[in-house]
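# Overview (structure and organization)
Letter by letter, the chains look like this.
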Amino acid sequence: MTKNAPPPPPQGHKPGGKSTPKSNGKSADPTELSPPRSHGYSTANADPVRSNMVKPGRFGFLFPELSTSPWTTGNPTTDAQVAEELGAAMHAPVTTPTPGVIPAGFTYFGQFVDHDITFDPTSLGENAVDVADLVNFRSPALDLDSLYGSGPRDQPFLYRRQTETSANQFILGPVKALGAGPGADIPQVQALDGAAYDLPRTCFSQGDATAILGDKRNDENLIVAQLHRTMLHFHNAVCLAFPEKSFLDVRRLVIHHYQRILLNQFLPLIVGQQAVDDAMTELKFYRIGPGELATEPFIPLEFSGAAYRFGHSMVRSKYEFNRVFPAGTDFRLAFTFTGDGFANAPGGPLLQYPTNWLLDFSGFFPDLGRTPQMASAIDASISDQLIIGGPTGRPLAALNLLRGSMHYKLPTGQAVAGRMGMPLLTKAELESGTGGAVIKKFNIGEHTPLWFYLLKEAEVKAGSKHLGPTGAAIVAEVFVGLLKDDPESLLGNPPKPGEELPSADGRFKISDLFNFTEKQKGKGNIPAAGVINPLA
């Protein structure tokens, strides 16, 4: 796999033109690619729900004293030119990409986590924002409000009315076996017609495929959508395993084990174990409480606008999705065969998730029966598939750079690293490799946009295995800080005796979540084919 090399067009695709469908009926055949259309765009009309269980938070600066001197060349027109040219360079093909070492599923687990803690509906067109007025329409807590919404009292449409358990279980939607297309001859593809593997959707029988979710962004691509579906099944599995427990008790148990995955597996992979240990020992930068600048949890813009956007570099150009769509399948299809792309699906609009696209999660996460595919390395190179709006659209990297400089007015990478006492990258290091020519052209090797700096730091200081020292400390401290400040979190309110779910090594990980849910297959609305690889 090359990180940026364009994949060959799928069978039936005419370069530069529209596809020729293989059959007269609808099919989940990848004959026409739908580019990412919503990722990175405004959701200003989303009307986020205020919750009775959780409350929205605020964004702010981790280092407010640096916000008075944001990154700029001194000329707004040149700033925009830097963003466009550096963004384009970051998407340029790489001849010999650095191999990734993090399983590919964690790219999208990271996106799922992001949707749990941040939601900024302001658009790039609004340019600079007043941070004091910038509302985070997610709670600044790792509490799965993107999954639970505001709970069964305020949002009963997310939950089943009649269940065999004390706790409310989630509703799931049926998938659809289509009559033609890849995998149509596989018995399991047909046998799973109607099984509860889709997100619940409004009136799909009447032509509306909108997903009913705590956060609509989790229907943006099929990988995060199916991960969200797995979390719905996991909640239901906990309900079934503990039928006497109340909804609030089940919710707490689910959240605590989600937080265990963050601490035991996700964070060590993306920042390194040492950064996690350091944050658990002492929070040096993300400080909340009496005598501190912040009196309640918040999401730093240095985190949401730069450090936590490392996941864009992990996106592969091609994936193995399942036995029907094996290794080498174009990543952009992830945006076609999910709700946001249903209207433009090849063969005609879809209203339900097609059975031949059910993911084989053993190819995305470790310890599920085989070696998973790896994400791309964390570095300054971004897949050229992440062009928002199609081939004539804009590189996602350019949008990230514009958001950081013109929207959030972030400080330079050097200013943040220096403030944290981290070793600075040299001008020569920043002017080499991906994007280096642009850095040199505009002479910004000593005052560099924060997001690019942190990706380059991961490449230079951590060998692209995880974030470098500055980015790792920011990400680790924000996550650990959110957990430490939350009295209901795993750290603030540990599970009661007997409430720790089984794990392979005593440290609950994402494979344990899948395996626990798998043991409840065939019960409630968890299909008998299980949740790991339904098409096996």
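Please read all numbers here as calculations on a predicted model, not as lab measurements.

### A look at the overall build of the protein chain
In terms of regular secondary structure, the protein chain is built from 16 helices and seven strands. Expressed as a percentage of its 536 residues, the buried residues of the protein chain come to 59%. Counted over contacts in the protein chain with a minimum sequence separation of 6, partners at least 24 positions apart contribute 76%. When the accessible area of the protein chain is evaluated, it comes to approximately 20,100 Å², of which 52% is carbon and sulfur surface.

### Looking at helix 10 (residues 396–407)
Judged by how many residues are buried, helix 10 sits mostly within the fold: eleven of twelve residues are covered. Taken together, the buried positions of helix 10 are L396, A397, A398, L399, N400, L401, L402, R403, G404, S405 and H407. Looking one or two residues past helix 10, K409 carries a phi angle of roughly 55°, positive in sign.

### Side note on the nonpolar core
Within the largest apolar cluster, 154 residues are counted, with the highest numbers of intra-cluster contacts made by F109, V271, F321, F365 and V475. For this core, the leading source of residues is helix 7 (residues 247–271), giving 13 residues. If we ignore the near neighbours within four places in the chain, the residues touching F109 are L227, Y258, I261, L262, F266, F365 and I510.

### Let's talk about the packing of aromatic side chains
Following the criterion strictly, the structure yields 30 aromatic pairs and no others. Taking 6.2 Å as the distance between ring centres and 85° as the angle between the ring planes, the aromatic pair formed by F112 and Y258 counts as edge-to-face. Taken together, the residues F112 in helix 2 (residues 105–117) and Y258 in helix 7 connect sequence positions 146 residues apart. Accessibility expressed as a relative area gives 0% for F112, which makes it buried.

### Quick word on the pattern of salt bridges
Evaluation of the coordinates by the stated rule reveals 18 salt bridges. Across the salt bridge formed by R252 and E499, the nearest N and O atoms sit 2.9 Å from each other. Of this pair, R252 sits in helix 7 while E499 sits in the loop between helix 15 (469–485) and helix 16 (510–518), and the two are 247 residues apart along the sequence. For D360, the salt bridge goes to R370, with nearest N and O atoms at 3.0 Å. Pair noted here: D360 is in the loop between strand 5 (329–330) and strand 6 (387–388) and R370 is in the loop between strand 5 and strand 6, with a separation of ten residues, a long-range link. For D360, a relative accessible area of 7% translates into the label buried.

### Some thoughts on the side chain of E518
Here E518 shows up in helix 16. Looking at E518, its side chain comes within polar contact range of the main-chain nitrogen of V531, at 2.7 Å.

### Things to note about the environment of A529
For A529, the location among the structural elements is in the segment after helix 16. Between the C-alpha atoms of A529 and A191, which are 338 residues apart in sequence, the distance is 9.9 Å. Those residues within four positions of A529 in sequence are excluded, and the remaining contacts are Q188, L192, Y197, E518 and P534.

### Let's talk about the environment of P449
By secondary structure assignment, the location of P449 is in the loop between helix 13 (436–441) and helix 14 (450–461). When its relative accessible area of 8% is taken as the criterion, P449 is described as buried.

### What about the environment of D367?
One can find D367 in the loop between strand 5 and strand 6. Spatially, the C-alpha atom of D367 lies 9.4 Å from that of A504, the residues being 137 residues apart in sequence. Once residues lying within four places of it in the same chain are set aside, the contact partners of D367 are S511 and N515.

### Quick notes on helix 15
Spanning 17 residues, helix 15 covers 23 Å between terminal C-alpha atoms, matching the ideal 24 Å at 1.5 Å per step. Most of helix 15 is tucked away, with 14 of its 17 residues classed as buried.

### Comments concerning the packing of helix 7 against helix 15
At a closest axis distance of 10 Å, the pairing of helix 7 and helix 15 adopts a crossing angle of 170°. With respect to helix 15, the element helix 7 is oriented roughly antiparallel. Here helix 7 contributes Q259, L263, L267, I270 and V271 to the contact with helix 15, which in turn contributes A472, V475, A476, F479, V480 and L483.

### Topic: unusual backbone geometry
The phi dihedral of D367 falls on the positive side, at around 65°, and the residue is not glycine. Relative accessible area serves as the criterion here: at 55%, D367 is assigned to the exposed category. Even without being glycine, S464 reaches a positive phi, approximately 65°. One can find S464 in the loop between helix 14 and helix 15. The exposure class of S464 is buried, given its relative accessible area of 3%.

### Regarding the confidence of the model for the protein chain
Low pLDDT means the predicted atomic positions in that stretch should not be read closely. Scored by pLDDT, the protein chain has a mean of 87; 85% of the residues are at 70 or more. Predicted confidence is poor over residues 4–26, with pLDDT under 50, and the contacts of this stretch with residues over four places away or in other chains come to 39 contacts. Across residues 40–55, where pLDDT falls below 50, the model places 33 contacts with residues more than four positions away in sequence or in other chains.

### Concerning the packing of helix 2 against helix 7
The geometry of a pair of packed helices is captured by two quantities: the angle between their axes and the separation between those axes. Two elements in contact, helix 2 and helix 7, have axes whose closest approach is 12 Å; the angle formed by their N-to-C orientations is 125°. Here helix 2 lies oblique to helix 7, going by the angle between them. Considering only the axes of helix 2 and helix 7, their crossing is left-handed. Across from F106, F109, G110, F112, V113 and D116 in helix 2, the residues of helix 7 making contact are Y258, I261, L262, Q265, F266 and L269. Of the residues contributing to the contact of helix 2 with helix 7, the split by class is nine nonpolar, two polar and one charged.

Scoring rules and cut-offs
Residues numbered from 1 in each chain as written. Predicted model: local features only at pLDDT ≥ 70, side-chain atom pairs only at ≥ 80, totals over all residues. Heavy atoms only, no water. Helix = DSSP H or I, 4+ residues; strand = E, 2+ residues; numbered from the N terminus. Buried < 20%, exposed > 50% of the residue type's maximum accessible area, 1.4 Å probe, protein only. Contact = heavy atoms within 4.5 Å. Areas by Shrake-Rupley, 256 points an atom, 1.4 Å probe, with all protein chains shown as cover. Core = buried A, V, L, I, M, F, W, Y, C linked by side-chain atoms within 4.5 Å. Phe/Tyr/Trp six-rings, centres within 6.5 Å; stacked < 30°, edge-to-face > 60°. Salt bridge = Lys/Arg side-chain N within 4 Å of Asp/Glu carboxyl O. Polar contact = N/O pair within 3.5 Å; in protein donor to acceptor, adjacent residues only side chain to side chain. Expected span 1.5 Å × (residues − 1). Axes fitted to C-alpha atoms, helices over the stretch in contact; angles between N-to-C directions. Parallel < 35°, antiparallel > 145°, perpendicular 65-115°, else oblique. pLDDT = per-residue confidence, 0-100. Left-handed = near helix turned anticlockwise from the far one by under 90°. Nonpolar A, V, L, I, M, F, W, Y, C, P; charged D, E, K, R; others polar.

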